[in-house]
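Working through the structure, step by step
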Amino acid sequence: MRLLTHYPYYAQMGLTLAVRAFNLVTGKRCAGYERMLPFIEGKIGLEMGGPSSIFKANHLIPVYDRAKAVDSSNFSDKTVWTKEREREVFGSSLRDTFVCDATDMSSLKDESYDFVLACHVMEHIANPLKALNQWKRLVKPGGAVLIILPHKSRTFDIRRPFTTMQHLVDDFEKQAPETDLTHLEEVLQLHDWRRDLAAGSAEQFRARCMENINNRCIHHHVFSPEVLAQCFQFCGMELVNLTVEYPCHIIGMGKRS
């Protein structure tokens, strides 16, 4: 009965694994990868919240084997999704690791990198435009920021409305802190439990959400491709590529002028 109750979850996982296997065998890359590669190949980058298997060699967006070096940054040295630095994921490209908040990276110098990566990170940030401005500051003129976000159609956010650009601007202008729980009740009411078995019981999920400042598990915002493009525009960046890839990836790259 449990398998039937959570059939959408198991069906999605099965299809996801099948697609990953197909991509590995065929060498499929995301649409627009060739446009993004010049900003990565032989360059030095910083990944927020890594490592991410999507950036491994022969995966959807190969970065680690193409870049000269990649540094890593997380809000904590112990996170829910990365219990330890997985050098085998990064490969030989891993250089330095930092512990700092995505919205306050003042410990890192301006124009330190050729590119910044953020895979399924920005939805966990209460003030994503502030974070994007930080990432833009860190890349050199002509450098790029590559962002991957979950598309709600195949995630536990499927019942939630898309966040509007005006909402993100409002959060930016009022300087929403990472302690913000504005979206807590929406998350608790509309979270699709069939697609998130790891969430535990309703009580466990609520308790985890209330401790978000320590675990950063809440999806504050639900992004559409259009709003991601508008985020780059708001921060004064030129859109290099924007695509949606199976199973749930919104992929966008913005260039700093």
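Computed from a prediction, not measured in an experiment: that's the story for all the values here. (Residues numbered from 1 in each chain as written. Predicted model: local features only at pLDDT ≥ 70, side-chain atom pairs only at ≥ 80, totals over all residues. Heavy atoms only, no water.)

**Some remarks on the overall build of the chain**
Along its length, the chain carries 10 helices and seven strands. Split into buried and exposed, the 257 residues of the chain put 52% on the buried side. Long-range pairs, those at least 24 residues apart, make up 76% of the contacts in the chain with a sequence separation of at least 6. When the accessible surface of the chain is split by element, carbon and sulfur atoms take 54% of a total near 12,100 Å². (Helix = DSSP H or I, 4+ residues; strand = E, 2+ residues; numbered from the N terminus. Buried < 20%, exposed > 50% of the residue type's maximum accessible area, 1.4 Å probe, protein only. Contact = heavy atoms within 4.5 Å. Areas by Shrake-Rupley, 256 points an atom, 1.4 Å probe, with all protein chains shown as cover.)

**Examining the pattern of salt bridges**
Under the criterion given, the structure shown has 12 salt bridges. The closest approach of N and O atoms between arginine 216 and aspartate 101, which form a salt bridge, is 3.0 Å. Here arginine 216 is found in the loop between helix H9 (212–215) and helix H10 (225–234), whereas its partner aspartate 101 is found in the loop between strand E3 (94–99) and strand E4 (113–119), with 115 residues between them in sequence. Classification of arginine 216 as buried rests on a relative accessible area of 12%. (Salt bridge = Lys/Arg side-chain N within 4 Å of Asp/Glu carboxyl O.)

**Observations regarding the nonpolar core**
Ranked by size, the top nonpolar core spans 32 residues in total, and within it Met48, Leu132, Trp135, Val145, Ile147 and Cys231 carry the most contacts. Looking at this core, the elements that each hand over two or more residues are strand E1 (44–48), E4, helix H5 (128–138), strand E5 (139–150), helix H6 (165–173) and H10. Among the elements that make up this core, the one with the highest residue count is H5 (five residues). When residues no more than four places from it in sequence are discounted, the contact partners of leucine 132 are Val145, Ile147, Cys231, Phe232, Cys235 and Met237. If you look at the next biggest cluster of nonpolar residues, it comprises 23 residues, including Leu37, Phe55, Ala67 and Leu146. (Core = buried A, V, L, I, M, F, W, Y, C linked by side-chain atoms within 4.5 Å.)

**Quick word on the packing of aromatic side chains**
In the structure shown here, the tally under the stated rule is three aromatic pairs. Ring centres of phenylalanine 55 and tyrosine 64 lie 6.0 Å apart, and the angle between their planes is 75°; on these two criteria the pair is classed as edge-to-face. Given a relative accessible area of 4%, tyrosine 64 falls into the buried group. Look at tryptophan 193 and phenylalanine 205: their rings are 4.9 Å apart centre to centre, the planes differ by 75°, and that puts the pair in the edge-to-face class. A residue pair is termed long-range when its members are at least 10 positions apart, and tryptophan 193 in the loop between helix H7 (184–190) and helix H8 (202–210) and phenylalanine 205 in helix H8 qualify at 12 residues. Taking relative accessible area as the criterion, tryptophan 193 reaches 29% and is therefore assigned partly exposed. Residue phenylalanine 205 is classed as buried on the basis of its relative accessible area of 2%. Positioned above the aromatic ring of phenylalanine 162, the side-chain terminus of lysine 152 is 4.5 Å from the ring centre. Above the face of the phenylalanine 75 ring, arginine 216 is positioned so that its terminal group lies 4.6 Å from the ring centre. (Phe/Tyr/Trp six-rings, centres within 6.5 Å; stacked < 30°, edge-to-face > 60°. Lys NZ or Arg CZ within 6 Å of the ring centre and 35° of its normal.)

**A closer look at H5**
Every α-helix winds through 3.6 residues per turn, so residues three or four apart in the chain are directed the same way. Judged by how many residues are buried, H5 sits mostly within the fold: eight of 11 residues are covered. The set of residues buried in H5 consists of Pro128, Leu129, Ala131, Leu132, Gln134, Trp135, Arg137 and Leu138.

**Here we look at the sheet that holds E5**
The mixed open sheet is built from seven strands, whose spatial order is E3-E2-E1-E4-E5-E7-E6. In the strand order of this sheet, the two ends are held by E3 and strand E6 (237–245), each with one partner. The sheet shows a mean angle of 15° between the axes of neighbouring strands, taken without regard to direction. Relative to E3, strand E2 (residues 69–74) is paired through four bridges, and the arrangement is parallel. Residue pairing in the sheet places serine 73 in a bridge with phenylalanine 98 of E3. With respect to the sheet, H5 is in contact with E1, E4, E5, E6 and strand E7 (249–256), its orientation differing from that of E5 by roughly 145°. Along the sheet, H10 makes contact with E5, E6 and E7, crossing E6 at roughly 165°. (Pairing = 2+ DSSP bridges. Axes fitted to C-alpha atoms, helices over the stretch in contact; angles between N-to-C directions.)

**Here we look at the side chain of glutamate 47**
Residue placement: glutamate 47 occurs in strand E1. Here glutamate 47 falls in the buried class, since its relative accessible area comes to 0%. A polar contact is formed between the side chain of glutamate 47 and the side chain of tyrosine 64, at a distance of 2.5 Å. (Polar contact = N/O pair within 3.5 Å; in protein donor to acceptor, adjacent residues only side chain to side chain.)

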